[in-house]
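So the chains spell out like this:
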Amino acid sequence: MQVPAEVSATAGEAAVLPCTFTHPHRHYDGPLTAIWRAGEPFAGPQVFRCAAARGSELCQTALSLHGRFRLLGNPRRNDLSLRIERLALADDGRYFCRVEFAGDVHDRYESRQGVRLRVTGERAARLRSPRPAGLSSTQSPRTLRQEGTAAEPMLPTCPGERAVLLDAH
């Protein structure tokens, strides 16, 4: 199994986890299953699973956690690359690809190290920044004004409100 050590992506966007593999069978046309796990190899929870019937190029999805996981690769061509849509910070972690051959050959191959998905929250923070208290849905955050004196820091406030600085001591 060949996977990169790490893939980085931003929350709210999509990520592709590449995974390719080799096996000793020159051409395998029997039934197979492609699986992706999260957290740990072999026993971690499955986030994606698909199965291809004998002779079929189509890997029929049987499990896609929250409908956000989709196989981009073709297992018949030794590619299990996975796309994860609408990334959340909770998706951050390690993922493991696995292929199982059934029928006459009962081989199973799984990445031991997996690929580390690092999800940053920059885009999510920009998209979901909370509206300051007291700001109506028709007011733009650009209408905030700064208040303060030389002895206190400048804090953003809404029109008609005074910032309160809490003493951290």
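Before going into details, it helps to say that this report is about the structure given with it. (Residues numbered from 1 in each chain as written. Predicted model: local features only at pLDDT ≥ 70, side-chain atom pairs only at ≥ 80, totals over all residues. Heavy atoms only, no water.)

1. What to know about the overall build of the protein chain
The secondary structure content of the protein chain amounts to one helix and twelve strands. Mapped in sequence order, the helices and strands of the protein chain form the string β-β-β-β-β-β-β-β-β-β-α-β-β. Among the 169 residues that make up the protein chain, the fraction classed as buried is 34%. Sequence-distant contacts in the protein chain: of pairs separated by 6 or more residues, those separated by 24 or more amount to 49%. (Helix = DSSP H or I, 4+ residues; strand = E, 2+ residues; numbered from the N terminus. Buried < 20%, exposed > 50% of the residue type's maximum accessible area, 1.4 Å probe, protein only. Contact = heavy atoms within 4.5 Å.)

2. Notes on unusual backbone geometry
Within the chain, F42 stands out as a residue other than glycine whose phi angle is a positive 70 degrees. Structurally, F42 is set in the loop between β3 (32–38) and β4 (46–52). For F42, a relative accessible area of 42% gives the class partly exposed. For R86, which is not glycine, the phi torsion reads 45 degrees and is therefore positive. Looking at the element boundaries, R86 is found in the loop between β7 (82–84) and β8 (93–101).

3. So, the nonpolar core
The biggest cluster of nonpolar side chains holds 30 residues, and the ones touching the most others in it are L17, W36, L80, I84, Y95 and L117. Sorting the residues of this core by element identifies β1 (6–10), β2 (15–17), β3, β4, β6 (69–71), β7, β8 and β10 (115–120) as the ones contributing at least two each. Those residues in contact with L80, other than ones at most four positions away along the chain, are M1, C19, F21, A34, W36, L71, P75, C97, R98 and V99. (Core = buried A, V, L, I, M, F, W, Y, C linked by side-chain atoms within 4.5 Å.)

4. Topic: the packing of aromatic side chains
Working definition: an aromatic ring pair is given by the centre-to-centre distance plus the angle between the planes. For the structure shown, the criterion picks out three aromatic pairs. Between F101 and Y109, the aromatic rings sit 6.1 Å apart at their centres with planes inclined by 70 degrees, giving edge-to-face as the arrangement. You can call F101 buried: its relative accessible area is 4%. (Phe/Tyr/Trp six-rings, centres within 6.5 Å; stacked < 30°, edge-to-face > 60°.)

5. Overview of the sheet that holds β2
Strand order in the open sheet made by the three strands is β2-β7-β6, with antiparallel pairing throughout. Each edge of the sheet is formed by a strand with only one pairing partner; in this case those strands are β2 and β6. Between one strand axis and the next, the sheet turns through 25 degrees on average, direction left out of account. Bridging between β6 and β7 involves three bridges; their strand directions are antiparallel. (Pairing = 2+ DSSP bridges. Axes fitted to C-alpha atoms, helices over the stretch in contact; angles between N-to-C directions.)

No statement about biological role is implied by the geometric values presented.
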